[in-house]
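Chain and residue survey
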Amino acid sequence: MSGEAPAVGGGGGGEANGTPPNVTIYINNLNEKIKLEELKKSLNAVFSQFGKILDVLAFKTLKHKGQAWVIFEDVASATEALKRMQDFPFYDKPMRIQYAKTKSDIIAKADGTFVPREKRKRVDEKPEKKQKREQHHEATQMGMGVNAYPGVYGAPQLTQLPIAGGQRVMMPEIIVPNNILFVQNLPHETTPMMLQMLFCQYPGFKEVRMVEAKPGIAFVEYGDEQQAAAAMTQLQGFKITKENQMVITYAKK
């Protein structure tokens, strides 16, 4: 994503530390081994539960390693995210969060205060490389029915039903409630860690299982049926991206 990194705030965020609450939060102490694109997608997945995200900024430069900025549409969302996710174990490291000290470009442009900076070199992923990767994901999906899932859990007997936006999702026949959830309509770039960070917020979480050959689906196990039901209720329809709304059912055991 494009944009200039806002300046860093002071301390834990707030008027007392000289940085008033605003729509952009600054995160550091991030795992530097995580690839840039995966980091951005994971941050978006974790923080989108607090409100609409306008942008996620992270950079390859040495001085910006282990850092990121998440820009929300409103201050309330940013404030809730800061409070709830402070010290959250993200890729095995506790996140340090505070308000950003200056406005990001996207907000300055929106309120009319944007002043162009000097032109600078930008290292972005080449469009043709990105397009090639996306085409590869699409090709991988073609001809792959979820009924062929060979994993440790059984996917339900499925039929196709349309959902909003003209997409079609595999919907199961009646399945007896149990402690394992079957999650569909995930974006191809979803990782087990991204799902773990979403589902581990609810009591009884045990593990996430995905099949590399079949992107777009996952199984999430809880301690018992009630715990699985609670998580399903809270995350049903959760959007990891604007286009992908999670569809959660019980797995066929």
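Residues numbered from 1 in each chain as written. Predicted model: local features only at pLDDT ≥ 70, side-chain atom pairs only at ≥ 80, totals over all residues. Heavy atoms only, no water.

1. Some points on the overall build of the protein chain
For clarity, the threshold we go by: A run of DSSP states H or I qualifies as a helix once it reaches four residues; a run of E qualifies as a strand once it reaches two. Both are numbered from the N-terminal end. Each residue's exposure class comes from its accessible area (1.4 Å probe, protein chains only) as a fraction of the maximum for that residue type: buried when under 20%, exposed when over 50%, partly exposed otherwise. Pairs of residues are marked as contacts when any of their non-hydrogen atoms sit within 4.5 Å. Surface exposure here means Shrake-Rupley accessible area, sampled with a 1.4 Å probe, where a residue is shielded only by the protein chains that are shown.
Scanning the protein chain from N- to C-terminus turns up six helices and twelve strands. Every one of the 253 residues in the protein chain was classed for burial, and the buried ones make up 42%. Contacts in the protein chain between residues at least 24 apart in sequence constitute 66% of all its contacts with a sequence separation of at least 6. Just so you have it, the protein chain exposes about 14000 Å², and 53% of that area is on carbon and sulfur atoms.

2. What about the side chain of Thr190?
Formally: By the criterion applied in these results, polar contacts are pairs of N or O atoms within 3.5 Å in which, for protein atoms, one can donate a hydrogen and the other can accept it, and in which residues neighboring in sequence qualify only through two side-chain atoms.
Mapped onto the secondary structure, Thr190 falls in the loop between β9 (180-184) and α5 (192-199). Side-chain polar atoms of Thr190 contact the backbone oxygen of Pro187, separated by 2.7 Å. Residue contacts for Thr190: discarding those within four places in its chain leaves Leu195, Met210 and Ile240.

3. What to know about the sheet that holds strand β3 (residues 68-72)
What counts, and what does not: When DSSP finds at least two bridges between two strands, those strands are taken to pair. Axis angles are defined between N-to-C directions and span 0 to 180 degrees, where every axis is a line fitted to C-alpha atoms and, for a helix, only to the segment in contact.
Taken in spatial order, the four strands of this open sheet run β2-β3-β1-β6, and their pairing is antiparallel. One side of each edge strand has no neighbouring strand; the edge strands of this open sheet are β2 (53-57) and β6 (96-99). This sheet shows a mean twist of 20° between the axes of neighbouring strands, independent of strand direction. Running at roughly 145° to β2, helix α1 (residues 36-47) makes contact with β1 (24-28), β2, β3 and β6 of the sheet. Helix-sheet contacts for helix α2 (residues 75-85) involve β1, β3 and β6, and the interaxial angle to β6 is about 155°.

4. Thoughts on the nonpolar core
Condition: To qualify as a nonpolar core, a set must consist of buried Ala, Val, Leu, Ile, Met, Phe, Trp, Tyr and Cys residues joined through side-chain atoms within 4.5 Å.
Residues Ile25, Phe47, Phe199 and Met246 are the most contacted members of the largest nonpolar core, which totals 49 residues. The element that contributes the greatest number of residues to this core is α1, accounting for six residues. Residues in contact with Met246, not counting those within four places in the same chain, are Val183, Gln184, Leu186, Leu195, Leu198, Phe199, Leu235, Gln236, Gly237, Phe238 and Ile240.

5. Quick word on unusual backbone geometry
One non-glycine residue, Tyr91, lies in positive phi territory at about 50°. Checked against the element boundaries, Tyr91 lands in the loop between β4 (89-90) and β5 (93-94). By relative accessible area, which is 6% here, Tyr91 ends up buried. Positive phi outside glycine occurs at Asn185, with the angle close to 60°. Along the chain, Asn185 turns up in the loop between β9 and α5.

6. What to know about the environment of Pro20
Mapped onto the elements of the fold, Pro20 is located in the segment before β1. Overall, Pro20 belongs to the partly exposed group, its relative accessible area being 39%. Between the C-alpha atoms of Pro20 and Ala100, which are 80 residues apart in sequence, the distance is 8.8 Å.

7. Regarding the confidence of the model for the protein chain
Operational definition: Looking at any residue, its pLDDT shows the predictor's confidence there, from 0 to 100.
Here the protein chain averages 76 in pLDDT, while 64% of its residues score no lower than 70. Strand β7 (residues 158-162) is the least confidently modelled element of the protein chain, averaging 51 in pLDDT, while strand β11 (residues 218-222) averages 95, the highest of any element. Counted against residues more than four places away or in other chains, residues 10-16, with its pLDDT under 50, gives 18 contacts. The low-confidence segment residues 138-154 (pLDDT under 50) makes 32 contacts with residues lying over four places distant or belonging to another chain.

8. A closer look at the environment of Ser42
Looking at the element boundaries, Ser42 is found in helix α1. Separated by 148 residues in the primary sequence, Ser42 and Thr190 place their C-alpha atoms 8.1 Å from one another. Ignoring anything within four residues of it in the chain, the contact list for Ser42 reads Phe90, Tyr91, Met194 and Met197. Looking at Ser42, its side chain comes within polar contact range of the main-chain oxygen of Glu38, at 2.9 Å.

9. Structural notes on the pairing of β3
The buried fraction of β3 amounts to five of the five residues, a majority that puts the element mostly inside the structure. Neither face of β3 is open: one carries Ala68, Val70 and Phe72, the other Trp69 and Ile71, and all of them are buried. Of the pairings in the sheet, the one linking β1 to β3 comprises four bridges and is antiparallel in character. Looking across to β3, one finds that Tyr26 is bridged to Trp69. For β2 and β3, the ladder comprises four bridges, and the chain directions are antiparallel. Paired with Val56 across the bridge in β3 is Val70.

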